[in-house]
Amino acid sequence: MAEVLVLVEHADGTPKRVTYELLTAARRLGEPSAVVLGAPGTAAAVKDKLAEYGAEKVYVGESDDIDGYLVAPKAEVLATLAAKRPAAVLIASSAEGKEIAGRLAVKIGSGFLTDAVDLDEHGTATQSVFGGATVVRSRVKIGIPIVTLRPNSVEAVAQPGAGAEETIEVSISAAAKGARVVDRVIEDTGSRPDLTEASIVVSGGRGMGGPENFALVEKLADSLGAAVGASRAATDAGWYPHQSQVGQTGVTVSPQLYLAVGISGAIQHRAGMQTSKMIVAINKDAEAPIFELADFGVVGDLFQVVPQLTEEITKRKG
Amino acid sequence: MNIVVLVKQVPDTWAERKLRDDDKTLDRDSVDAVVNEIDEYAVEEALLLKEAHGGEVTVVSMGPERAIETIRKALAMGVDKAVHLTDEALHGSCAPQTSLALAKVLGTLEYDLVICGSEAVDARVSAMGALLAERLGIPQLTGARKVEVDGTNVRIERLTDSGYEVVEASTPAVVSVVEKINEPRYPSFKGIMAAKKKPLTTLSIADAGIEPAEVGLANATSEVVEFTPRPPRQTGQMIKDEGDGGVKLAEYLASQKII
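The model shown is predicted, which means the values in this text are computed figures rather than measured ones.

### Observations regarding helix H5 (residues 95-108) of chain A
Each full turn of the α-helix corresponds to 3.6 residues, which orients residues three or four apart in the same direction.
Residues and elements named next belong to chain A.
At step 1: Its 14 residues give H5 an end-to-end C-alpha distance of 20 Å, which sits within 8% of 20 Å, the value for a rise of 1.5 Å per residue.
At step 2: Taking burial as the measure, the 14 residues of H5 include 12 buried ones, the bulk of the element.
At step 3: Those residues of H5 that sit buried are Ala95, Glu96, Gly97, Lys98, Glu99, Ile100, Ala101, Gly102, Arg103, Leu104, Ala105 and Val106.
At step 4: Backbone geometry just after H5 places Gly109 at a positive phi near 70°.

### Structural notes on the sheet that holds strand E1 (residues 3-7) of chain A
At step 1: Read from one edge of the open sheet, 10 strands run E11(A)-E5(A)-E4(A)-E1(A)-E6(A)-E10(A)-E7(A)-E8(A)-E9(A)-E12(B), paired in mixed fashion. Looking along the sheet, the strands with just one partner apiece sit at the ends: strand E11 (164-167) of chain A together with strand E12 (222-229) of chain B. Sheet twist, expressed as the average angle between the axes of neighbouring strands with direction ignored, equals 35°.
At step 2: Its contacts with the sheet put H5(A) on E1, strand E6 (88-92), strand E7 (112-119) and strand E10 (146-149) of chain A, and the angle it makes with E10(A) is roughly 175°.

### Examining the interface of chain B and chain A
At step 1: Contacts between the two partners involve 68 residues from chain B, matched on the other side by 74 residues from chain A.
At step 2: Those elements that place two or more of their residues in the side of chain B that touches chain A are helix H3 (95-106), helix H4 (128-136), strand E7 (140-150), strand E9 (163-170), E12, strand E13 (237-240) and helix H7 (245-255) of chain B.
At step 3: In terms of residue count, E12(B) provides more of the side of chain B that touches chain A than any other element does, eight residues in total.
At step 4: Split by residue class, the side of chain B that touches chain A holds 33 nonpolar, 17 polar and 18 charged.

### Examining the sheet that holds strand E1 (residues 3-6) of chain B
At step 1: If you trace the 10 strands from one edge of the open sheet to the other, you get E12(A)-E9(B)-E8(B)-E7(B)-E10(B)-E6(B)-E1(B)-E4(B)-E5(B)-E11(B), paired in mixed fashion. Strands at the two margins of the open sheet, each flanked by one partner only, are strand E12 (180-186) of chain A together with strand E11 (200-203) of chain B. For this sheet, the mean inter-axis angle between neighbouring strands, taken without regard to orientation, is 25°.
At step 2: Set on the sheet, H3(B) makes contact with E1, strand E4 (57-62), strand E5 (81-85), strand E6 (113-117) and E11 of chain B; between it and E4(B) the angle comes to about 145°.

### A closer look at helix H1 (residues 17-29) of chain A
At step 1: Where burial is concerned, most of H1(A) is hidden: 11 out of the 13 residues are buried.
At step 2: Along H1(A), the positions that sit buried rather than exposed are Val18(A), Thr19(A), Tyr20(A), Glu21(A), Leu22(A), Leu23(A), Thr24(A), Ala25(A), Ala26(A), Arg27(A) and Leu29(A).

Cut-offs applied
Residues numbered from 1 in each chain as written. Chains lettered and ligands numbered in written order. Predicted model: local features only at pLDDT ≥ 70, side-chain atom pairs only at ≥ 80, totals over all residues. Helix = DSSP H or I, 4+ residues; strand = E, 2+ residues; numbered from the N terminus. Expected span 1.5 Å × (residues − 1). Buried ≥ 20, exposed ≤ 12 C-beta atoms within 10 Å, placed from the backbone. Pairing = 2+ DSSP bridges. Axes fitted to C-alpha atoms, helices over the stretch in contact; angles between N-to-C directions. Contact = placed C-beta atoms within 7 Å. Nonpolar A, V, L, I, M, F, W, Y, C, P; charged D, E, K, R; others polar.

See below:
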């Protein structure tokens, strides 16, 4: 069976869940080969988990240059592996993932597709476009299909693979060392999960009325083990960090549950959350467009409903 | 410091956007067209850098004839001159082809920085800065919420999921910006009038040295196989809070095995 390359997303010594989703999707197309790129010592911590989700091979490319420079080194290493003509290359649809995919596509003369929400055994991708109004099926016509897959789109299913480790020589060209990462700053999100990967997202919008009230959203999120998002109105007003902005020009999420608090549901916001499996909304305006999407909607004052909801969830979880 | 800023004309997000039935490309004719919003932030950043460091700003846009409206807006904001790459043969070009065409145009210009928006709201591929850096063989400084220039050194703050990275490169480089970077100016009446007299070069693909086989729908690296309107979501349940809305919602979440 043909090899399918999966670029491993990892943080703090563990693969991110999207990696397992990518490996699961890769099995539809062929034999998954996980590609671990990072600083020396990265692979030892993650490779067993990769085999649990079906990686037959684990390519290990370790070098300080991988993390030391922006995007280009990863694309360069993947291009050398692509010389073996894999059936496809799958990458997580993060900001960086899309950029790696694009650079790789140019390097190897292939097409690439971003933000897929599904992928079939022929490599045809499903995408949700125009703020979720249209569902498109696309395919790469030229070269090796390179596809980035949105987190939470495919259910990760464990299936043991051989996980045979193969070290790859990492020698990054001078051209790929143009953009030096001189510092990485983590802005505190506490112990909450990553917005893009979380299975539950609680977002606040204009209805929050001010930054101080986001504590309500945070408490609700914490009662559910959820990530916190915000609408553009809220991030533009400076009530919540830009990294948390859900929607067009922000993050696109696809969680099991999306809980919109005080968000009207403008098209720009819907573009970032419409593929959520379940949508719940709390808004005082019964005409708010968010209710058109909601599986369950509460028309009411969020300052009453949210604390009560948080308390009830905490009580039930006991 | 000479800067090229890239702008794209896109269908208005508020309009009912669709794909064409005949060739499955974006229908650009039936809806209102606007400047891709983030590109206005790119123009603003180019103008701010010019004001601080001197030099000239050139706007480059690839698109059909009407994209001239988008170019005029950039000129009215204060950009010095413009290049419009327009040719029937470009219709339906994919992202890699578009980057190739833009790189060819950039090859005819002198620049220290190329600045673009991080994402166009029509196709949302969100990788043009990276594609251009790859094509041009120059550093990629993308996703910037802050840009600082010191001589030939450029330093950005790049947004990440959990914070930001500080990334540095030497010019020439490609920078892409996010919309939190600045507040774009409105064109003044004087600016709008002046825009009409600013130099505008219109290029065909032949003028830019682009081969017909390198661009266009027939040669695109990917294609839309089919498209359908999203099936409407099933009408959900709505309740009015009568003092127990939070409890009712918790009951619903419990019934759905969420809690």
